[in-house]
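Working through the structure, step by step
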Amino acid sequence: MEAKLKKELGTTMLKSTGHSGGGCISEGQSYDTDTGRVFVKINHKSEAKLMFDGEMASLEAILKTDTVKVPKPVKVIELDRGGCVFVMEHLDMRSLSKHSKHLGEQLADLHLHNKRQLEKLNKEQQTVGKGAGQSEVAVVDKFGFSVTTCCGYLPQNNEWQDDWVTFYSQQRLQHQIGMAEKSYGDREARELWAKLQLKIPQFFTDVEVVPALLHGDLWGGNVAECAEGPVIFDPASFYGHSEFELGIAGMFGGFNSSFYSAYHEKIPKAPGFAKRNQLYQLFHYLNHWNHFGGGYRGSSLRIMKDLLK
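Reading the values: rules and limits
- Position numbers for residues count from 1 along each chain, tracking the sequence in the order it is written.
- Restriction of local features to residues with pLDDT of at least 70 applies here, the model being predicted, together with a cutoff of 80 or more for giving and counting side-chain atom pairs; totals for whole chains, interfaces and linings are based on all residues.
- Hydrogens are left out, water is left out, and the side-chain values use all remaining heavy atoms of the structure.
- UniProt positions are given in the numbering used here, feature names are shortened, and annotations may be inferred rather than shown by experiment.
- As a rule, the C-alpha atoms of each element are fitted with a line to give its axis, helices using only the stretch in contact, and angles between N-to-C directions run from 0 to 180 degrees.
- Helix numbering and strand numbering both begin at the N terminus, where a helix is a DSSP run of H or I of at least 4 residues and a strand a DSSP run of E of at least 2.
- Here the word oblique covers every angle except those under 35 degrees (roughly parallel), over 145 (roughly antiparallel) and from 65 to 115 (roughly perpendicular).
- Take the far helix as your reference; a near helix turned counterclockwise from it by less than a right angle gives a left-handed crossing, and one turned clockwise gives a right-handed crossing.
- Here, two residues are considered to be in contact whenever any of their heavy atoms come within 4.5 Å of each other.
- How far each domain reaches was decided by an automatic or database domain assignment.
- Throughout, the accessible surface (probe 1.4 Å) given up by two parts as they are put together, summed over both, is called the buried area.
- The salt bridge definition used is simple: a Lys or Arg side-chain nitrogen within 4 Å of an Asp or Glu carboxyl oxygen.
- The classification of residues rests on relative accessible area computed with a 1.4 Å probe and restricted to protein chains. Under 20% of the type maximum is buried, over 50% is exposed, and intermediate values are partly exposed.
- Only buried residues count toward a nonpolar core, which is a set of Ala, Val, Leu, Ile, Met, Phe, Trp, Tyr and Cys residues joined through side-chain atoms within 4.5 Å.
- The way it works is a 1 Å grid over only the protein atoms, where trapped points that fit a 1.4 Å probe form a cavity and open points with protein on both sides within 12 Å along at least five of seven lines form a pocket, and then any residue with an atom within 4 Å of a point lines it.
- Grid points are joined across faces, edges and corners, and a volume is the space filled by probe spheres set on the points.
- Residue type decides the class: Asp, Glu, Lys and Arg count as charged, Ala, Val, Leu, Ile, Met, Phe, Trp, Tyr, Cys and Pro as nonpolar, and the leftover types, Gly among them, as polar.
- Given the number of residues in a helix, its expected span is that number minus one, multiplied by 1.5 Å.

Per an unreviewed UniProt entry, the protein is named protein-ribulosamine 3-kinase, and its organism is Lates calcarifer. Reading the Sequence similarities (unreviewed entry) entry of the UniProt record for the protein gives the comment "Belongs to the fructosamine kinase family."

Notes on the packing of helix α4 (residues 164-184) against helix α5 (residues 187-199)
Look at α4 against α5: their axes get within 11 Å of each other, and the N-to-C directions meet at 170 degrees. Considering their axes alone, α4 and α5 lie roughly antiparallel with respect to each other. The interaxial crossing formed by α4 with α5 has left-handed handedness. From α4, Ser169, Gln170, Leu173, Gln174, Ile177 and Glu181 reach across to α5, where they touch Arg190, Trp193 and Gln197.

Considering the domain arrangement of the protein
Domain annotation of the protein identifies domain 1 (1-90) and domain 2 (95-125 + 138-308). Computed from C-alpha coordinates alone, the two centres of domain 1 and domain 2 are separated by 25 Å. At the interface, 20 residues of domain 1 touch 27 residues of domain 2. Both sides of the domain 1 and domain 2 interface together cover about 1900 Å² of buried area, and 75% of this is carbon and sulfur.

Looking at the pattern of salt bridges
Pairing between side chains of opposite charge can happen when the charged atoms of each approach one another. Under the criterion given, the structure shown has 19 salt bridges. Its salt-bridge partner being Lys41, residue Asp234 comes within 2.7 Å of it at the nearest N-O pair. You can see Asp234 sitting in the loop between β10 (229-232) and β11 (238-240) and its partner Lys41 sitting in strand β3 (residues 36-43), a full 193 residues away along the chain. We classify Lys41 as buried; its relative accessible area is 8%. Note that Arg94 is salt-bridged to Glu225, the shortest N-O span being 3.6 Å. On the criterion of sequence distance, the pair formed by Arg94 in the loop between β5 (84-89) and α3 (100-126) and Glu225 in strand β9 (residues 223-226) is long-range, its members being 131 residues apart. In this structure, a network of salt bridges that share partners links the residues Asp186, Glu188, Arg297 and Lys305.

Overview of the nonpolar core
Core analysis: the largest hydrophobic core is formed by 72 residues, its most contacted members being Trp164, Leu173, Phe204 and Met304. No fewer than three residues from each of domain 1 (1-90) and domain 2 (95-125 + 138-308) sit in this core. When residues no more than four places from it in sequence are discounted, the contact partners of Phe204 are Trp164, Val165, Val209, His241, Arg276, Leu279 and Tyr280. One finds Tyr31, Val40, Ile77 and Val85 within the second-largest nonpolar core, a separate group that totals 10 residues.

Digging into the layout of surface pockets
Empty space within the largest pocket amounts to approximately 960 Å³. Taken together, 43 residues line the largest pocket, and the ones lying closest to its centre are Gly23, Lys41, Asn222, Phe233 and Asp234. For the lining of the largest pocket, the secondary-structure elements that each account for two or more residues are β1 (14-22), β2 (27-33), β3, α2 (48-65), β5, β6 (150-151) and α8 (273-292). In terms of residues, the lining of the largest pocket owes the most to one element, α8, which gives 5 residues. A class-by-class count of the residues in the lining of the largest pocket yields 18 nonpolar, 18 polar and 7 charged.

Quick notes on helix α9 (residues 297-308)
In this model α9 runs 17 Å from its N-terminal to its C-terminal C-alpha over 12 residues, within 8% of the 16 Å that 1.5 Å per residue would give. The complete set of buried residues in α9 reads Ser299, Ser300, Leu301, Ile303, Met304, Asp306 and Leu307. At its buried positions, α9 is contacted by α4, α5 and α8.

Some remarks on empty space enclosed by the protein
Using the criterion set out here, one finds 1 cavity of 30 Å³ or more in the structure. The space that makes up the largest cavity amounts to roughly 40 Å³. In this structure, the largest cavity is lined by Ile177, Ala180, Glu181, Asp186, Ala189, Arg190, Leu286 and Trp289. Looking at the lining of the largest cavity, the elements that each hand over two or more residues are α4, α5 and α8. Looking at which element gives the most residues to the lining of the largest cavity, the answer is α4, with 3 residues.

Description of the packing of α5 against α9
In contact at an axis separation of 10 Å, α5 and α9 are set at 35 degrees when each is read in the N-to-C sense. α5 and α9 meet at a crossing whose hand is left-handed. Of the residues in α9, those touching α5 at Glu188, Ala189, Leu192, Trp193, Lys195, Leu196 and Lys199 are Arg297, Leu301, Met304, Lys305, Leu307 and Leu308. Looking at the contact of α5 with α9 residue by residue, the class counts come to 8 nonpolar, no polar and 5 charged.

Structure representation (structure tokens):
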């Protein structure tokens, strides 16, 4: 593997630094190269390339907004014996503590970025003459993403959709329910879902959802800080409802009140926020059920029952 890395990165030096990391999906290792230190994620699953291509596109999209720090992606490299590596900038990171408030502000800026671009574009289109329609940044008016991204190792259906409720119901929840059904044939889950999907539009009465670029898997294990400020990594991005991001954030802890108050100062809670927050947590409980098995069945069914009350 090291010979292949040297060749692909065009470096004569490739020296392991002893820094390693990784979660339940991929392992990681840092190396010194001719041009600086890089972090290399390794995954031997057959779908590793799909997963890393999605992560690279996610990091590139977040990077372009210039709102919150992410590791700069370098290259996805297929290994000769199967599997794949993803090379990115190495960052010296530690647990998020003093930069929690900054993360709240910067995450809100990330979520507002596309909305601000849309507003700018509309303004330009109303300005006749010089400078009209000159905006360079891509403006997105649909929900989805240009490539497949994976939340964990399961691919997400990111096909573009005009309507958020349809996108979330069909391409997120229905997709997960379908996988659980295939694996477990769970009748209770199927019956609850049949009722819940009819009710989902009610949670969005009087709420305007503007497509926001999301990290997509923002739990405490995917945030940190370095000397300059907060860092987010391991994204599974798509354009969706900004509130979706806060679903998993609230499930496993890791975010303090200064994070939330800084975030909501820029994006205040809309009416019905609490119910939608549960609806967004449902995706992650189902996704965990499909990744890690029946330990998450109870939480998935409990949320569906709560939402049907």
